[in-house]
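So the chains spell out like this:
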Amino acid sequence: MDGQLYELDGRKRFPINHGATTADTLLEDASRAIQGFMNRQPGELRFTMVALCKAPPAEPIEEDGDEEEEEEGEGEDDVVENEQQ
């Protein structure tokens, strides 16, 4: 977030800032922080990692006009008829 690598630990009162990171160094920086955790608590296997980042721009959806048509007998009107029976 904002070019910083944070550790969120529910046992701590605040996030731990592990320093600056970039898109090019995120994996290396996160690996270093995780290795530090593993060194401090070698037998602990319960942890979760989450990356919060910007998504790439979405590609436009092209409509090709080949929408699937409802099959006969499965429309909204049939549901109403079935409820009235």
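Above this note sits the structure.
The present account deals with the structure reproduced in this document.

Thresholds, definitions, all that
Residues numbered from 1 in each chain as written. Predicted model: local features only at pLDDT ≥ 70, side-chain atom pairs only at ≥ 80, totals over all residues. Heavy atoms only, no water. Helix = DSSP H or I, 4+ residues; strand = E, 2+ residues; numbered from the N terminus. Buried < 20%, exposed > 50% of the residue type's maximum accessible area, 1.4 Å probe, protein only. Contact = heavy atoms within 4.5 Å. 1 Å grid on protein atoms, 1.4 Å probe; cavity = no way out; pocket = protein on both sides within 12 Å on 5 of 7 lines; lining within 4 Å. Points joined across faces, edges and corners; volume = space filled by probe spheres on them. Nonpolar A, V, L, I, M, F, W, Y, C, P; charged D, E, K, R; others polar. Expected span 1.5 Å × (residues − 1). Arc of directions from axis to C-beta.

### Comments concerning the overall build of the chain
Part 1 of the reasoning: Looking only at helices and strands, the chain features 2 helices and 2 strands.
Part 2 of the reasoning: Tracing the chain from N to C terminus, the helices and strands come up as β-β-α-α.
Part 3 of the reasoning: Buried residues in the chain amount to 9% of all 85 residues.
Part 4 of the reasoning: Relative to all contacts within the chain whose residues are 6 or more apart in sequence, the contacts with residues 24 or more apart total 17%.

### Brief notes about the layout of surface pockets
Part 1 of the reasoning: The computed volume of the largest pocket comes to approximately 1000 Å³.
Part 2 of the reasoning: L5, Y6, E7, L8 and V50 are, among the 33 residues lining the largest pocket, the residues nearest its centre.
Part 3 of the reasoning: Of all the elements in the fold, those that place two or more residues in the lining of the largest pocket are β1 (4-7) and α1 (26-40).
Part 4 of the reasoning: Among the elements that make up the lining of the largest pocket, the one with the highest residue count is α1 (7 residues).
Part 5 of the reasoning: Here the lining of the largest pocket is built from residues that sort into 18 nonpolar, 9 polar and 6 charged.

### Section: α1
Part 1 of the reasoning: A rise of 1.5 Å per residue sets the reference length of α1, with its 15 residues, at 21 Å; its end C-alpha atoms lie 21 Å apart and thus fit the reference within 8%.
Part 2 of the reasoning: When α1 is considered as a whole, its buried residues turn out to be D29, A33 and F37. The buried residues of α1 occupy an angular sector of 80° when projected down its axis, which confines them to one face. Every exposed residue of α1 that faces more than 90 degrees away from the buried side is listed here: L27, E28, R32 and N39.
Part 3 of the reasoning: Packed against the buried residues of α1 are β1 and β2 (16-20).

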